[in-house]
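Fold and geometry: a report
This is what each chain is made of:
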Amino acid sequence: PLALAYKAINTLDSMVGYRNDRYREFGWAAARLDDLANFIPARIAAVIVPAAGWLAGKDGAKAFRIALRDGRNHPSPNSGIPEAAMAGALGIKLGGLSFYNSVPSAKPFIGEDRNALSLARIKESVGIAYLSSILFMGMGISFIFFIGRR
């Protein structure tokens, strides 16, 4: 039930959580609820993503430092943390000019420009994301096992 509720919150935010006139009255609630639901998972990612990066042969300590340093630079209170950790693990810089519905949006930069953005970096990020998922799942199973023994 909690997983379904979380998915519903996330989907609602994706559908109406925009900062525009059409959804202002309803969308703000969906966006704030999504921020609340992702507060703890985003901070767990500040540890899990660097650990996965380290397992993938990257600089996990640097990834953690970048997550702490640049995680708050993102407009979202949560998504900047795992983005910064991934950028730190890969040694890349993310951010800058983006477009949403053809409207330009300048975002602060996250990470450092040590490696060029390339298909290789994308493949590495997918590997780190898979490892992060496995680590998080292992952490959850361990937690359930620990709670079940009490």
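Conventions and cut-offs
Residues numbered from 1 in each chain as written. Predicted model: local features only at pLDDT ≥ 70, side-chain atom pairs only at ≥ 80, totals over all residues. Heavy atoms only, no water. pLDDT = per-residue confidence, 0-100. Helix = DSSP H or I, 4+ residues; strand = E, 2+ residues; numbered from the N terminus. Buried < 20%, exposed > 50% of the residue type's maximum accessible area, 1.4 Å probe, protein only. Core = buried A, V, L, I, M, F, W, Y, C linked by side-chain atoms within 4.5 Å. Contact = heavy atoms within 4.5 Å. Lys, Arg positive; Asp, Glu negative; His and termini not counted. Salt bridge = Lys/Arg side-chain N within 4 Å of Asp/Glu carboxyl O. Pairing = 2+ DSSP bridges. Expected span 1.5 Å × (residues − 1). Arc of directions from axis to C-beta.

Quick look at the confidence of the model for the protein
Per-residue confidence for the protein gives a mean pLDDT of 90, with 95% of residues at or over 70. Considering each helix and strand of the protein separately, the mean pLDDT is smallest for helix α1 (residues 2-16), with a value of 86, and largest for helix α3 (residues 60-70), with 97.

Points about the environment of Val126
For Val126, the location among the structural elements is in helix α5 (residues 119-148). Given the relative accessible area of 38%, Val126 is considered partly exposed. Taking the C-alpha atoms as reference, Val126 lies 37 Å from Glu25; in sequence the two are 101 residues apart.

Some details on the nonpolar core
In terms of nonpolar packing, the biggest core is built from 18 residues, with Val49, Met86, Leu90 and Ile128 touching the most fellow members. If you list the elements that add at least two residues to this core, you get α2 (24-55), α3 and α4 (80-90). Tallying contributions element by element places α4 first for this core, with seven residues. Sequence-distant contacts of Leu90, that is, excluding residues within four places in its chain, are made with Lys58, Asn115, Arg121, Glu124, Ser125 and Ile128.

Remarks on the environment of Ala116
The topology assignment puts Ala116 in the loop between β2 (103-111) and α5. Here Ala116 falls in the exposed class, since its relative accessible area comes to 54%. The sequence separation of Ala116 and Leu90 amounts to 26 residues, and the corresponding C-alpha distance is 9.5 Å.

So, the side chain of Asp13
With respect to the helices and strands, Asp13 occurs in helix α1. Within the buried core, Asp13 has no salt-bridge partner, and the shortest N-O distance to an opposite charge, that of Arg32, equals 6.9 Å. With residues near it in sequence (within four places) discarded, Asp13 still touches Ala30, Ala31 and Asp34.

Let's talk about the pairing of β2
Alignment of strand β1 (residues 93-100) against β2, held across seven bridges, turns out to be antiparallel. Residue pairing across strands places Tyr100 opposite Val103, the latter belonging to β2. As consecutive antiparallel partners, β1 and β2 are separated by two residues, and within that stretch Asn101 has a phi angle of approximately 50 degrees, a positive value.

What about α1?
Across its 15 residues, α1 extends 21 Å between first and last C-alpha, which sits within 8% of the 21 Å expected from 1.5 Å per residue. Buried residues of α1: Ile9, Asp13 and Val16, and no others. Summarising the axial view, the buried residues of α1 lie within an arc of 100 degrees, below the 170-degree limit, and thus occupy one face. In α1, those exposed residues whose orientation departs by more than 90 degrees from the buried face are Ala3, Leu4 and Met15.

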